[in-house]
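So you can see what is in the structure, the chains are spelled out below.
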Amino acid sequence: IENGKAGLQRQNETLLQQCESQNIKIKALEQKLAEESEQLKQRFGEGWALYTEFLQLAGSEKQILKSVFPAENFEAFICGGAKDASLEKIWDEVDLNLKNNTQMAYLLWKIFEYFLRLANNAKIETVYKIDDVKTGDDYDKKIHRLDADSRVQGKVRKVILPGFSNIYNNENIRKTIVHVE
């Protein structure tokens, strides 16, 4: 009986040591996760904040950008949004939501601005810019698009949605939507 008891005590001590060793490993992994999470926040803090806002949208609202963000994870959000073709799709959705869902349009605009910067940062030179149109500018159909209540000529009285351009090849990708009086 004494040998069995001693054997069980040794076995118990071994198990306790293994358990302690596993707890140390778990704490180390939790620390590493916290550090990597902090690094990710520092590198992609704004993107993470926009992603979490995007996740709060209703399923039908998220569905409209399914081709840009095919999976609901942060990596797909970053990789999908930073593609050149995605900029146009996001801008188009801002345009479509301006009248009926201004809250969503505002969020999508913030997402668009973020990904435009991200797309530019991924290139050797800046390629994209948000067009600089101001109140008082003369209406120019080459770079402006009229809103529904505008006159067909005159001065820009309100910028509804800034357009954007490819400055590398001097192409206006989306015209600035303006109200002209």
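Computed from a prediction, not measured in an experiment: that's the story for all the values here.

Procedures and definitions
- Residues numbered from 1 in each chain as written.
- Predicted model: local features only at pLDDT ≥ 70, side-chain atom pairs only at ≥ 80, totals over all residues.
- Heavy atoms only, no water.
- Axes fitted to C-alpha atoms, helices over the stretch in contact; angles between N-to-C directions.
- Helix = DSSP H or I, 4+ residues; strand = E, 2+ residues; numbered from the N terminus.
- Parallel < 35°, antiparallel > 145°, perpendicular 65-115°, else oblique.
- Contact = heavy atoms within 4.5 Å.
- Nonpolar A, V, L, I, M, F, W, Y, C, P; charged D, E, K, R; others polar.
- Pairing = 2+ DSSP bridges.
- Phe/Tyr/Trp six-rings, centres within 6.5 Å; stacked < 30°, edge-to-face > 60°.
- Buried < 20%, exposed > 50% of the residue type's maximum accessible area, 1.4 Å probe, protein only.
- Salt bridge = Lys/Arg side-chain N within 4 Å of Asp/Glu carboxyl O.

> Can you help me understand the packing of helix α3 (residues 74–81) against helix α5 (residues 102–121) in this one?
Each pair of packed helices can be described by the angle between their axes along with the distance between the axes. In contact at an axis separation of 9 Å, α3 and α5 are set at 70 degrees when each is read in the N-to-C sense. When the interaxial angle is binned, α3 and α5 end up roughly perpendicular. Judged by residue contacts, F77, I78 and G81 of α3 engage I111, Y114, F115 and L118 from α5. The class makeup of the residues in the contact of α3 with α5 is 6 nonpolar, 1 polar and no charged.

> Whenever I open this one, the sheet that holds strand β6 (residues 176–180) confuses me. Can you help?
Taken in spatial order, the 3 strands of this open sheet run β2-β6-β3, and their pairing is mixed. Both edges of this open sheet fall to β2 (144–146) and β3 (156–161), since each of them pairs with a single strand only. Neighbour-to-neighbour, the strand axes of the sheet open up by a mean angle of 45 degrees, direction not taken into account. Lying over the sheet, helix α4 (residues 84–97) contacts β2, β3 and β6, oriented at roughly 120 degrees with respect to β3.

> Please clarify how the packing of aromatic side chains should be interpreted in this entry.
How two aromatic rings sit relative to each other is set out by the distance from centre to centre and by the angle between their planes. Per the counting criterion, the structure on display carries 14 aromatic pairs. Between the aromatic rings of W48 and Y51, the centroid separation amounts to 5.5 Å while the plane-to-plane angle is 45 degrees, which identifies the pairing as tilted. Here Y51 and W48 lie together in helix α1 (residues 2–55), a separation of 3 residues that amounts to about one turn. Overall, the relative accessible area of 36% leaves W48 in the partly exposed class.

> Even after reading the chapter, I still don't get the pattern of salt bridges, so can you show me in this structure?
Oppositely charged side chains can pair when the atoms bearing their charge come close. Taken as a whole and judged by the stated rule, the model has 10 salt bridges. For K62, the salt bridge identified is with E72, shortest N-O distance 3.5 Å. Linking K62 in helix α2 (residues 59–63) with E72 in the loop between α2 and α3, this pair joins segments that are 10 residues apart in sequence. Among the residues examined, K62 registers a relative accessible area of 14% and is labelled buried. The shortest N-O distance in the salt bridge between R174 and D92 comes to 2.7 Å. Of this pair, R174 sits in strand β5 (residues 171–174) while D92 sits in helix α4; the two residues are 82 residues apart in sequence, bridging distant segments of the chain. In this structure D92 comes out as partly exposed when scored by relative accessible area, which is 27%. One network of salt bridges, with partners in common, ties together E88, D92 and R174.

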